[in-house]
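Residue strings, one per chain:
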Amino acid sequence: MEEARKKKKQEEKLKTVVNLDDWLPITSSRTAKWYYSAFHNVTSMVGAGVLGLPFAMSQLGWGVGTVAVVMSFVITLYTLWQLVQMHEMVPGKRFDRYHELGQHVFGDRLGLWIILPLQIIVMAGTDVVYMVTGGQCLRKFHDLVCQGGGGGCTDMRLTFWIMIFATPHFVLSQLPNFNSISAVSGAAAVMSLAYSMIAFCTSVVKGARATAGAIDYGLRATTTSGQAFGMLSALGTVSFAYAAHNVVLEIQATIPSTPEKPSKKPMWRGVVVAYAVVALCYFSVAFGGYYAFGSSVDPNVLITLDKPRWLIAAANLMVVIHVIGGYQVFAMPMFDMIETVLVKKHKFNPGFWLRFVSRSAYVAATMFIGLTFPFFDGLLGFFGGFGFAPTTYFIPCIMWLMVRKPKKYGLTWFINIICIVIGVLLTIIGTIGGLRQIILGAKNYKLYS
């Protein structure tokens, strides 16, 4: 009798989990095409980070900067491939979320504590940075349009622009799942390519017109300590720019899969297309922006550019559209986590009101943090080092070594060990450099100005 009761309880629990999966945003729709993967990966990767790359170059110089940007491209493509391959490494089971893969490798409890806090920091941190980026670009667009119209416009605080940028997210956040935001993500991906090319072309034209020797390519800081900490922050910025791995398994979860046609094939096709776009955007903006402005470039290269006015205004508006889509791509897994906890642990009924209240509260929270700490370059370095570097550069390699068990001291083993060492170093130095940049920015900052 007792055994039958336990069996019935387990069956009811399994049924509840299955029903919940049909409602949660990550698993409710598995009809995505390979190009959805391309859209989501471009949107999640090419964002605020690409605009900070010329500034990172100004802190690293041509030599170290070029090595950092190119090496990060190669390493992150490799670790992303690993995650795609591990999505269905257990026959008949899909690891739809990053922390589920971590739990399989490290154990239920340890895997959750290793992956989940970092993933939350990354996704919520990115959304905070996107709030600041969106507000800055809206203000820049407004200022450029006003100048073109002869002036007379009222100058508004950045605080208000961030609130304006947050407004559409209260509506878009109610879209049920990843596939429902594919149109928003597709538009954002197109915008990212467009504004990157505008930033590159206008920078190169400006650089070509500059007089020989007029541009300083020395390190941005003048003191030894400033240069050292600047390099640390810049490496964190670079790691932030390449980190979309935190949502890659969640994106792959939306693609249908059968033993004959596993999801890793269309997913990888989308990733290759996305990385081709990433290479075009990142290399052109990083090297073109630094070539044009040298050590005087702003943390956001579009803020430095001001002519032709109409084109730069359009580019800033494109950034706004892109980070609207990017915000939603990173927010969707957060919604999934929040709704899972509220339903499973706190026994809320899944439905409209749960979704409306929880998602609106998340948007409001990221807006408030963005209003309070609008330090663009420091935030990139800090979040890039503390959260992105582990989940992007070395945790996939550790999991690969533990699960696949390549031959010790073989080529694959050495490649993974090298990636782990680089990732750990990036985590330490990026966090230190980014935190210092935030402290420096806070010295002259007035709350909610």
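Just so we're clear, the structure is a prediction, and the values are computed from it rather than from any experiment.

1. Side note on helix α13 (residues 309-344)
Over its 36 residues, α13 extends 52 Å from the first C-alpha to the last, a length consistent with the 52 Å expected when each residue adds 1.5 Å. Across the 36 residues that make up α13, a large majority, 27, are buried.

2. Section: the packing of helix α7 (residues 158-172) against α13
Direction vectors running N to C along α7 and α13 enclose 40°, while the axes themselves pass 11 Å from each other. The pairing of α7 with α13 is recorded here as oblique in orientation. Here the hand of the crossing between α7 and α13 comes out right-handed. Together, F165, P168, H169 and L172 of α7 and V320, V323, I324, Y327 and Q328 of α13 make up the contact between the two elements. Of the residues belonging to the contact of α7 with α13, the class tally is 7 nonpolar, 2 polar and no charged.

3. What to know about the side chain of E250
Note on placement: E250 falls in helix α10 (residues 248-252). Engagement of the side chain of E250 in a polar contact is seen with the backbone nitrogen of Y98, the distance being 3.2 Å.

4. A short note on the layout of surface pockets
Volume-wise, the largest pocket comes out at about 650 Å³. Forming the walls of the largest pocket are 20 residues, and the residues nearest its centre are H99, Q103, L112, T340 and K344. When residues of the lining of the largest pocket are traced back to their parent elements, those giving at least two are α1 (2-21), α5 (98-106), α6 (108-148) and α13. At 7 residues, α13 tops the list of elements feeding residues into the lining of the largest pocket.

5. Some points on the pattern of salt bridges
In the structure shown here, the tally under the stated rule is 6 salt bridges. For E100, the salt bridge identified is with R97, shortest N-O distance 2.9 Å. With a relative accessible area of 7%, R97 lands in the buried category. Among the charged side chains, a salt-bridge network with shared partners connects R97, E100 and D336.

Here is what the cut-offs are and how they apply
- Residues numbered from 1 in each chain as written.
- Predicted model: local features only at pLDDT ≥ 70, side-chain atom pairs only at ≥ 80, totals over all residues.
- Heavy atoms only, no water.
- Helix = DSSP H or I, 4+ residues; strand = E, 2+ residues; numbered from the N terminus.
- Expected span 1.5 Å × (residues − 1).
- Buried < 20%, exposed > 50% of the residue type's maximum accessible area, 1.4 Å probe, protein only.
- Axes fitted to C-alpha atoms, helices over the stretch in contact; angles between N-to-C directions.
- Parallel < 35°, antiparallel > 145°, perpendicular 65-115°, else oblique.
- Left-handed = near helix turned anticlockwise from the far one by under 90°.
- Contact = heavy atoms within 4.5 Å.
- Nonpolar A, V, L, I, M, F, W, Y, C, P; charged D, E, K, R; others polar.
- Polar contact = N/O pair within 3.5 Å; in protein donor to acceptor, adjacent residues only side chain to side chain.
- 1 Å grid on protein atoms, 1.4 Å probe; cavity = no way out; pocket = protein on both sides within 12 Å on 5 of 7 lines; lining within 4 Å.
- Points joined across faces, edges and corners; volume = space filled by probe spheres on them.
- Salt bridge = Lys/Arg side-chain N within 4 Å of Asp/Glu carboxyl O.

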